[in-house]
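Read off the chains here:
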Amino acid sequence: MSRRALTLMVAGFLTLLLAVIGAMLPVPYVALSPGPTENTIGDVKGKPVISISGRQTYPTEGKLSLVTVAYQGGPGNRLDLVTALRGWLDPTVAVVPEETLFPRSSTAEQVEEQNTQEMTDSQQTATVAALKALKIPVEKTVVVVDTDKGAPAEGRLKAGDQITAVDGVATAGLESVAEAVRRHKPGEQVEFTIRRGETTTDVSVPTVEDKEGRAVVGVRMKADFKVPFKVDISVGQVGGPSAGLMFSLGIYDKLTPGALTGGKSVAGTGTIDIDGKVGAIGGVEQKMVGAKKAGATVFLTPAGNCADAVRAVPTGLRLVKVETLQDAIDAMDALRAGRQDLPACPA
């Protein structure tokens, strides 16, 4: 073999080796793809997604599907270059910087924990929104999350305590508790009436002065709600808040006679607050693909996602713009009636 041929062979081998090594190198990106869909008025592994006890429910039909996004990559499990390139070439996949899903200050475990908590919160919020839409009274409560170490509340108030009154005045929400404490001078006692398990008791907590000179007791609280019957939601490993709208619709459908969808296959997404306002979400392009694959013909789209949705909507999937839970309910009524004048995402 001539020296020239040997040189070319070695150079070619080294080039191939470098290409293989480069392809296997991890890159700081995450690939987002269509995830599974779940029918909120159906079952998952033989168990109803939404179970209601203590209140009359009604049979229904059709689908009200929540949609999800699956991801590859992240801290400790980074994409290789080949997978990232494959994702860039696939119109149903989005390859985004790792920090989009995993902030630099957070671990993968912390992100998963946050997603789980957001899912739990969204289920409660969705329940409250649905009941409010049905004019079913919901009791507002304030619950202790934790106390600051060394603060006056430590050892006196405990996580899970429900604060029902402060200084003998019934609580009207989270801010009312904070305001009642701040009305005291530092060093004064605050009388909390709490419900701990099945017991209601009064607890006296001294105040101290914070950096702004206000009276505080060192307790962290969250708004909570007590519904007049039991609503359980189970969707397995799905996390995040974006299924809120579809949970609300599923609950509403089960608590009202007839099929809300009229037997149609409807999918959708969007966060929801207790007043029924629908919020924008991430990954709408991938979620629409998942909805289409699951057989949906209608996709309830948060108004804040319309611009992205119209650019990537799959053929045969009708986008319906919603800003509130009531918008979604009205859209379902219109679909059942065969009307065509539904609010659409502007092109």
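This report concerns the structure included in the present document. (Residues numbered from 1 in each chain as written. Predicted model: local features only at pLDDT ≥ 70, side-chain atom pairs only at ≥ 80, totals over all residues. Heavy atoms only, no water.)

Further remarks concern the overall build of the protein chain. Of the regular secondary structure elements, the protein chain holds eight helices and 22 strands. Over its C-alpha trace the protein chain gives a radius of gyration of 26 Å, far above what one expects of a compact globule, namely 20 Å for 347 residues. Counting only C-alpha atoms and orienting by the principal axes, one finds that the protein chain spans roughly 95 × 60 × 40 Å. The proportion of buried residues among the 347 residues of the protein chain is 42%. Residue pairs in contact within the protein chain that sit at least 24 positions apart in sequence constitute 71% of those at least 6 positions apart. Of the roughly 18,400 Å² of accessible surface on the protein chain, 53% is carried by carbon and sulfur atoms. (Helix = DSSP H or I, 4+ residues; strand = E, 2+ residues; numbered from the N terminus. Rg over C-alpha atoms; globule rule 2.2 N^0.38 Å. Buried < 20%, exposed > 50% of the residue type's maximum accessible area, 1.4 Å probe, protein only. Contact = heavy atoms within 4.5 Å. Areas by Shrake-Rupley, 256 points an atom, 1.4 Å probe, with all protein chains shown as cover.)

All right, on to unusual backbone geometry then. Unlike most non-glycine residues, Lys45 shows phi in positive territory, near 55°. Among the secondary structure elements, Lys45 is positioned in the loop between strand 3 (43–44) and strand 4 (47–48). Owing to a relative accessible area of 86%, Lys45 belongs among the exposed residues under this scheme. Despite not being glycine, Asp167 shows a phi value in the positive range, around 55°. Relative to the elements of secondary structure, Asp167 occurs in the loop between strand 10 (162–166) and strand 11 (169–170).

The next subject is the packing of helix 5 (residues 244–254) against helix 8 (residues 325–336). For the pair helix 5 and helix 8, interaxial distance at closest approach is 10 Å and the crossing angle is 55°. Between helix 5 and helix 8, the angle is such that the two are oblique. Crossing of helix 5 over helix 8 shows right-handed handedness. Contacts from Leu245, Ser248, Leu249 and Tyr252 of helix 5 reach helix 8 at Leu325, Ala328 and Ile329. Classifying every residue of the contact of helix 5 with helix 8 by side-chain character gives six nonpolar, one polar and no charged. (Axes fitted to C-alpha atoms, helices over the stretch in contact; angles between N-to-C directions. Parallel < 35°, antiparallel > 145°, perpendicular 65-115°, else oblique. Left-handed = near helix turned anticlockwise from the far one by under 90°. Nonpolar A, V, L, I, M, F, W, Y, C, P; charged D, E, K, R; others polar.)

With twelve residues, helix 8 extends 17 Å between its outermost C-alpha atoms, agreeing within 8% with the 16 Å of an ideal straight helix rising 1.5 Å per residue. Residues of helix 8 that are buried: Leu325, Ala328, Ile329, Ala331, Met332, Ala334 and Leu335. Gly338 sits one or two positions beyond helix 8 and adopts a positive phi of about 80°. (Expected span 1.5 Å × (residues − 1).)

This part covers the nonpolar core. Core analysis: the biggest nonpolar cluster contains 42 residues, and Leu64, Leu245, Phe247, Leu249, Ile251 and Leu300 have the highest contact counts within it. If you list the elements that add at least two residues to this core, you get strand 5 (50–53), strand 6 (63–73), helix 3 (108–133), strand 17 (230–233), helix 5, strand 21 (298–302), strand 22 (318–322) and helix 8. It is helix 8 that contributes the most residues to this core, seven residues altogether. Core analysis: the next-biggest nonpolar cluster, separate from the first, contains 16 residues, Val142, Ile194, Val217 and Val219 among them. (Core = buried A, V, L, I, M, F, W, Y, C linked by side-chain atoms within 4.5 Å.)

Here the largest pocket defines a volume of roughly 1,100 Å³. Every residue lining the largest pocket is counted, 37 residues in all, and those nearest its centre are Val69, Tyr71, Asn115, Gly239 and Gly240. Among the elements that take part in the lining of the largest pocket, helix 3 stands out by supplying eight residues, more than any other. When its volume is computed, the second largest pocket comes out at roughly 270 Å³. At the level of elements, helix 3 and strand 17 are the ones that each hand at least two residues to the lining of the second largest pocket. The residue makeup of the lining of the second largest pocket, split by class, is five nonpolar, four polar and two charged. (1 Å grid on protein atoms, 1.4 Å probe; cavity = no way out; pocket = protein on both sides within 12 Å on 5 of 7 lines; lining within 4 Å. Points joined across faces, edges and corners; volume = space filled by probe spheres on them.)

Moving on: the state of the cysteines. Per the stated rule, a full pass over the model turns up one disulfide. Here Cys306 engages in a disulfide with Cys345; their sulfurs sit 2.0 Å apart. Sign of the S-S torsion, about -60° for the bond between Cys306 and Cys345, identifies this disulfide as left-handed. Here the residue Cys306 occupies a position in helix 7 (residues 306–312), and Cys345 occupies one in the segment after helix 8, the gap between them amounting to 39 residues. Taking the relative accessible area as the measure of exposure, Cys306 reaches 5% and is therefore buried. (Disulfide = S-S within 2.5 Å.)

Here we come to the pattern of salt bridges. Counted under the stated rule, the structure contains eleven salt bridges. With its nearest N and O atoms 2.3 Å apart, the salt bridge here joins Asp148 to Arg220. Here Asp148, found in the loop between strand 9 (139–147) and strand 10, pairs with Arg220, found in strand 16 (residues 219–226); they are 72 residues apart in sequence, far enough to count as distant. Since its relative accessible area comes to 41%, Arg220 is described here as partly exposed. Between Asp308 and Arg311 there is a salt bridge, and its shortest N-O distance comes to 2.5 Å. Taken together, the residues span about one helical turn, with Asp308 and Arg311 both in helix 7 at a distance of three residues. (Salt bridge = Lys/Arg side-chain N within 4 Å of Asp/Glu carboxyl O.)

What holds strands together in a sheet is hydrogen bonding between their backbones, with the strands either parallel or antiparallel. Spatially, the six strands line up as an open sheet ordered 8-2-6-18-21-22, and their pairing is mixed. The two strands at the open ends of the sheet, each matched to only one other strand, are strand 8 (94–97) and strand 22. For this sheet, the mean angle separating the axes of adjacent strands, direction not counted, is 35°. Pairing geometry for strand 2 (residues 29–39) and strand 8, over four bridges, is antiparallel. What sits directly across from Tyr29, in strand 8, is Pro97. Where helix 6 (residues 284–293) meets the sheet, it contacts strand 2, strand 6, strand 8, strand 18 (265–268), strand 21 and strand 22, and its direction lies at approximately 40° from that of strand 2. (Pairing = 2+ DSSP bridges.)

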